[in-house]
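# Structure assessment
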Amino acid sequence: MTAPAAPAAPDQPAPEPAGPVLSASGLHVTFAGRGGRAARAVDGVDLEIRPGEIVALVGESGCGKSTLARALLGLVRPTSGQVAYHGRPLDYRSRELKRFRERAQLVLQDPSGSLNPRHTVYDAVAEGRRIHNGATPDEQERVAEALSRAGLRPPERFLLRYPHELSGGQRQRVVIAGALILDPEVIVADEPVASLDASVRGEILRLLMRLRDDFGLAALVVTHDLGLAWNIADRIAVMYLGRVVETGTVEEVLSAPRHPYTRALLSVLPEAGQEPQVLAGEPPDPTRIPGGCRFHARCPVLASGRAEAAGVAERCRTEDPGPLPAGGAADAACHWARAQAAGG
Amino acid sequence: MNYLDVRDLHVAYRTAGGEVPAVRGVSFGIAPGTTLGVAGESGCGKSTVALALLRLLPASARVSGQVLLDGEDVLGMRWGRLRAVRWAGASIVFQGAMHSLNAVHRVGDQIAEPVLVHGQATPAQARRRVGELLEQVGLPAWRARSYPHELSGGQRQRAMIAMALACRPRLIIADEPTTALDVMIQAQILRLIDDLVAGSGISMLMISHDLSVLADTCDRLAVMYAGRIVEEGPAGAVFADARHPYGAALSAAFPRVGDPASRRAPRGLPGDPPDPADLPSGCAFRPRCPAVQDRCAEVDPALWPAGPDRGAACVRVLSAEEARALGVPPPEGSDGGGVPAAPAATEDPGGTPDPGGTPEPGGTPESGGDRAPEPEETR
Ligand SMILES: Nc1ncnc2c1ncn2[C@@H]1O[C@H](COP(=O)(O)OP(=O)(O)OP(=O)(O)O)[C@@H](O)[C@H]1O
Ligand SMILES: Nc1ncnc2c1ncn2[C@@H]1O[C@H](COP(=O)(O)OP(=O)(O)OP(=O)(O)O)[C@@H](O)[C@H]1O
Ligand code: SF4
Ligand SMILES: [Mg+2]
Ligand SMILES: [Mg+2]
């Protein structure tokens, strides 16, 4: 086993295997909103998750993270664009989809109630496998193995317990074990530690890293916690109002953010050591995405005249900087950031 | 003079399974115009302390100690006086309160109620006051006519704070005021709280399980573990350099974005939170403590002095002379007693050491587990 300080996939370019496990291209998910206005929850996203890679998807509440995550797992059908698994577009016919869902697992946060209070740990973990394989003779062995992979050791001690007999961290591990028993290739974890104590949170994050290091598991971790991304992710995608507005390696994006939105998010972290740029107002509404740059009405760079000074203010108000390609190079969907980069 | 002084507060809940000692001897004070943050993991007793201050605990709770508000003991107050204090002396923003606004009444009417009832205002005066309060918390006055479902989470939390301010209290207790809010909204609310406290003379008790939020907002910090304050001091100092191994672990568990030391190195604290009904002998943190010593099973540490204006409940903060004076056994090695910065990032993810069963390497396991002195807490 590798110590967390020496990850299996450090910064040198890994021998590029056969492309992404899971990818989205030109993805749009639009919901019929109240009063007939359509909510463009995901509004043109390209994203890739490669084998053995942990990608963090961050952004404020309502920006479309969960919708994008669900679309990647085939749980929501895109309005346009596509999701591909190993380069093949998802097939939404039930048999194909079922096979895909064995390989790509959703992990929800437990306190949101994904465990049934009347099911034992054994049943909770075995359940997903029964849906796919029925009750096989090796079930007990597989349940025990999944539990110990999730760090619940010795597994016999937990098999017959009920959720209320476990701590918050242990319940989250049971949820993860329920995904691991299917031997997935990729997991999508939606806020896996959001309501856990800091002390427990670190333990669960270490588990996710170890699963990547030991079993090559790829993961998309959905969160609004930038610290979590810094703790475990390789790459990060910052989402704002249905779009990925900045992407790159975690070091690139979090140490040298380019997009004014990413900069603002980082500035309000406790201990950020800089003047916080608290954006006024509420997270914006996907039924009314502004024209031009979708961030322009809240953008501190535009408001302070720096965009004007760089000669891009007019474009900020009228021209959509466009979606970012999934290629992986660090990039920000911002006229000002591009002008800065071009101007040296 | 402190506006609030809490002395040796104990709370036990009577349950079918016996008594649960949720708060086991907590003392602290808050000066006017300052904020004390209380941190600690789920179940350590934070909300119980908050509720005890205004006698809002259920009947099953047995409370002792003193809660002095402007010198007057809340625990001994008569009902009439207590009601007055609850409105004008101190008010509380409950944990999860933003979900508890009444769905069928307009927000403005809910804020006006205490003003009408306890402030003896006319309806017109109350309406004016509601407008003022909403603006004070950054909401436009017309929001008074909105129903709760028309507000976002952040806006509802602002409305709750407006309600807490309604009768101009001198102490505000905020239990997890930003938990479950988005980072940006959280920053907005924290800034609001900062502005309200600064220069107003209001004292504030802010509870959160997020130590980093408190470190940023509060003047002083108290860290609770298993119903006790185990560390207390100036906020920055406690967060940057905790003296109690639990305080240190809690603070190390918050990643500093940009800090190479926390890059790809999430840190937690192995083991489970303690069960208040079944605490080990000696120091309650012993089963999870990365710096545990033999004597930790024998001594139930109190909040001992641990530097200028700070305290920590750990035998390691005592010098040899101090230990001798208190009758605490000296450390077996003579390593000077420094606290390790954080638990090493061990590879044990199981994290369930059996309470009380972590033998000392080379120590004498079970050397006195059963004859440990009774904790002095029971009253
Ligand atoms: N089934 C639905 N019908 C209509 N609108 C929806 C639906 N699901 C989501 N939305 C809207 O789409 C937007 C994106 O929602 P989503 O849950 O993806 O956000 P999120 O980034 O996961 O937020 P959070 O951090 O709060 O979980 C929101 O404005 C939401 O109200
Ligand atoms: N009404 C009650 N009856 C019995 N036990 C209770 C009651 N309320 C709380 N407790 C117990 O008292 C202890 C302290 O609970 P408290 O709610 O004060 O914790 P907390 O620190 O506020 O936790 P959280 O961060 O989860 O809000 C816990 O062990 C809890 O289970
Ligand atoms: S494009 Fe203009 S408005 Fe948009 S983020 Fe960049 S500077 Fe701000
Ligand atoms: Mg979500
Ligand atoms: Mg609480």
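Residues numbered from 1 in each chain as written. Chains lettered and ligands numbered in written order. Predicted model: local features only at pLDDT ≥ 70, side-chain atom pairs only at ≥ 80, totals over all residues. Heavy atoms only, no water.

### So, the overall build of chain B
So the rule is basically this: A run of H or I in DSSP becomes a helix once it reaches four residues, and a run of E becomes a strand once it reaches two; helices and strands are each numbered from the N terminus. Residue contacts are defined here by distance: any two heavy atoms, one from each residue, within 4.5 Å place the two residues in contact. Only the protein chains shown count as cover for residues, and all accessible areas are computed by the Shrake-Rupley method using a 1.4 Å probe.
Regarding its fold elements, chain B presents ten helices and twelve strands. Looking at chain B alone, contacts between residues at least 24 apart form 66% of all its contacts between residues at least 6 apart. As displayed, chain B has an accessible area near 16300 Å², and 53% of this comes from carbon and sulfur atoms.

### Points about the packing of aromatic side chains
Put simply, the test is: Side-chain rings of Phe, Tyr and Trp (the six-membered ring for Trp) are treated as a pair once their centres are within 6.5 Å; stacked means planes under 30 degrees apart, edge-to-face means over 60, and tilted covers the remaining angles. When accessible area is computed with a 1.4 Å probe and restricted to protein chains, residues below 20% of their type maximum are described as buried, those above 50% as exposed, and intermediate ones as partly exposed. Each ring is checked for a lysine NZ or an arginine CZ that lies within 6 Å of its centre and within 35 degrees of its normal; such an atom marks a charge sitting over the ring.
Taken as a whole, this structure holds seven aromatic pairs over all chains when the rule is applied. Taken together, a centroid distance of 5.0 Å and an interplanar angle of 80 degrees make the contact between B:Tyr225 and B:Phe285 edge-to-face. Here B:Tyr225 is found in strand E9 (residues 220–225), whereas its partner B:Phe285 is found in the loop between helix H9 (245–252) and strand E11 (304–305), with 60 residues between them in sequence. Per residue, the accessibility class of B:Tyr225 equals that of B:Phe285, and both read buried. Site record: aromatic cluster; members linked through ring pairs are A:Tyr240, A:Tyr261 and A:Phe295. Between the NZ or CZ atom of A:Arg149 and the centre of the ring of A:Phe215, over which it lies, the distance is 4.1 Å. Over the aromatic face of B:Trp79 sits the side chain of B:Arg55, whose NZ or CZ is 5.9 Å from the ring centroid.

### Overview of the sheet that holds strand E7 (residues 186–190) of chain A
All names here are of chain A. What counts here: If DSSP finds at least two bridges between two strands, the strands pair.
Judged by pairing direction, the sheet is mixed, and its seven strands sit side by side in the order E6-E7-E8-E3-E9-E10-E11 without closing on themselves. Each edge of the open sheet is held by one strand with a lone partner, namely strand E6 (104–107) and strand E11 (331–332). In the sheet, strand E3 (residues 54–58) pairs with strand E8 (residues 218–223) via five bridges, with the strands oriented parallel. Counterpart to Ala56 in the pairing with E8 is Val221.

### Quick word on the interface of chain A and chain B
When the parts of a complex come together, some accessible area is lost, and that lost area is often used as the size of the interface. Quick reminder of the rule: Joining two parts hides part of their accessible area as seen by a 1.4 Å probe, and the buried area is that hidden amount summed over both. Within this document, salt bridges are pairs made up of a side-chain nitrogen of Lys or Arg and a carboxyl oxygen of Asp or Glu, the two lying within 4 Å of each other. Nitrogen and oxygen atoms within 3.5 Å of one another constitute a polar contact, given that in protein one can donate a hydrogen and the other can accept it, and given that sequence-neighbouring residues count only through two side-chain atoms. Under the convention adopted here, Pro, Cys and the residues Ala, Val, Leu, Ile, Met, Phe, Trp and Tyr are nonpolar, Asp, Glu, Lys and Arg are charged, and Gly plus all remaining residues are polar.
Every contact between the two is made by 58 residues of chain A and, on the other side, 48 residues of chain B. Carbon and sulfur atoms supply 54% of the area buried between chain A and chain B, which totals about 4100 Å² over both sides. At the surface where chain A touches chain B, the tally comes to three salt bridges. The salt bridge partner of B:Arg264 is A:Asp234, with a shortest N-O separation of 2.7 Å. Along the contact surface separating chain A from chain B lie twelve residue pairs in polar contact (both at pLDDT 80 or more). Elements supplying a minimum of two residues to the side of chain A that touches chain B: helix H5 (168–180), helix H6 (198–215), helix H7 (226–232), helix H8 (250–255) and helix H9 (260–267) of chain A. Considering each element in turn, the side of chain A that touches chain B owes the most residues, ten residues, to H6(A). Here the residues of the side of chain A that touches chain B sort into 29 nonpolar, twelve polar and 17 charged.

### Section: the site of ligand 1
All names here are of chain A. Operational definition: Here a residue is considered near a molecule or strand provided that any single heavy atom belonging to it is located within 4 Å of it.
Close to ligand 1 lie Phe31, Ala41, Glu60, Ser61, Gly62, Cys63, Gly64, Lys65, Ser66, Thr67 and Pro286. Side-chain polar atom of Lys65 to an oxygen atom of ligand 1: 2.8 Å apart, as the coordinates give it. A distance of 2.5 Å is found between an oxygen atom of ligand 1 and a side-chain nitrogen or oxygen belonging to Thr67. Burial of ligand 1 by the surrounding chains reaches 61%, relative to a free accessible area of 640 Å². The leading source of residues in the shell around ligand 1 is helix H1 (residues 65–72), at three residues. Residue composition of the shell around ligand 1, grouped by class: four nonpolar, five polar and two charged.

### Examining the site of ligand 2
All names here are of chain B. Taken together, 15 residues lie near ligand 2, and Ser42, Gly43, Lys46, Ser47 and Thr48 sit nearest. Cys44 has a polar backbone atom sitting 3.3 Å from an oxygen atom of ligand 2. Put simply, the parts of the chain that give the shell around ligand 2 at least two residues each are strand E1 (4–15) and helix H1 (46–53). Looking at the shell around ligand 2, the element that brings in the most residues is H1, giving three residues.

### Describing unusual backbone geometry
Residue and element names in this part refer to chain A. Residue Pro154 is bonded to the preceding Arg153 through a cis peptide linkage, with omega at -10 degrees. Mapped onto the secondary structure, Pro154 falls in the loop between helix H4 (139–149) and H5. Despite not being glycine, His86 has its phi angle at roughly 50 degrees, a positive value. Of note, His86 is situated in the loop between strand E4 (80–85) and strand E5 (88–89).

### Remarks on the domain arrangement of chain B
Residue and element names in this part refer to chain B. To be explicit about the condition: All domain edges in this entry derive from an automatic or database-based domain assignment.
Domain annotation of chain B identifies domain 1 (4–235) and domain 2 (289–345). Between the C-alpha centres of domain 1 and domain 2 the distance comes to 34 Å. In this assembly, eight residues from domain 1 lie in contact with eight residues from domain 2. Of the roughly 630 Å² buried between domain 1 and domain 2 on both sides combined, carbon and sulfur atoms contribute 35%. Between domain 1 and domain 2 we count three salt bridges in total.

### Re helix H5 (residues 153–165) of chain B
Residues and elements named next belong to chain B. The line we're drawing: Helix span, expected: 1.5 Å multiplied by one less than the number of residues in the helix.
The end-to-end C-alpha separation of H5 is 19 Å, in line with the 18 Å expected for 13 residues at 1.5 Å each. Among the 13 residues that make up H5, ten are buried, leaving the element largely enclosed by the rest of the structure. Among all positions in H5, only Gly154, Gln155, Gln157, Arg158, Ala159, Met160, Ile161, Ala162, Ala164 and Leu165 are buried. Each element contacted by the buried residues of H5 is listed here: strand E6 (90–93), helix H3 (107–118), helix H4 (123–136), strand E7 (171–175) and helix H6 (183–197).

### What to know about the nonpolar core
What counts, and what does not: The definition of a nonpolar core used throughout is a set of buried Ala, Val, Leu, Ile, Met, Phe, Trp, Tyr and Cys residues joined through side-chain atoms within 4.5 Å.
Among the nonpolar cores identified, the biggest contains 78 residues, and A:Val125, A:Ile236 and A:Leu254 are the most heavily contacted of them. Counting residues per element, this core draws most heavily on H6(A), at seven residues. If we skip the residues at most four places from it in the chain, A:Ile236 touches A:Ala56, A:Val58, A:Leu226, A:Ala229, A:Glu246, A:Thr247, A:Gly248, A:Thr249, A:Val250, A:Val253 and A:Leu254. Core analysis: the second largest hydrophobic core is formed by 64 residues, B:Ala39, B:Leu165, B:Ala235 and B:Ala291 among them.

### Focus on the sheet that holds strand E2 (residues 18–30) of chain B
Residues and elements named next belong to chain B. So the rule is basically this: Lines fitted to the C-alpha atoms define the axes, with helices restricted to the stretch that makes contact. Angles between their N-to-C directions range from 0 to 180 degrees.
Taken together, four strands build an open sheet; the order of strands is E2-E1-E4-E5 and the sheet is antiparallel. Each edge of the sheet is formed by a strand with only one pairing partner; in this case those strands are E2 and strand E5 (72–73). Pairing of E1 with E2 involves ten bridges; the strand directions are antiparallel. Residue pairing across strands places Val11 opposite Val23, the latter belonging to E2. The sheet contacts of H1 involve E1, E2 and strand E4 (61–69), and relative to E1 the element is tilted by about 115 degrees.

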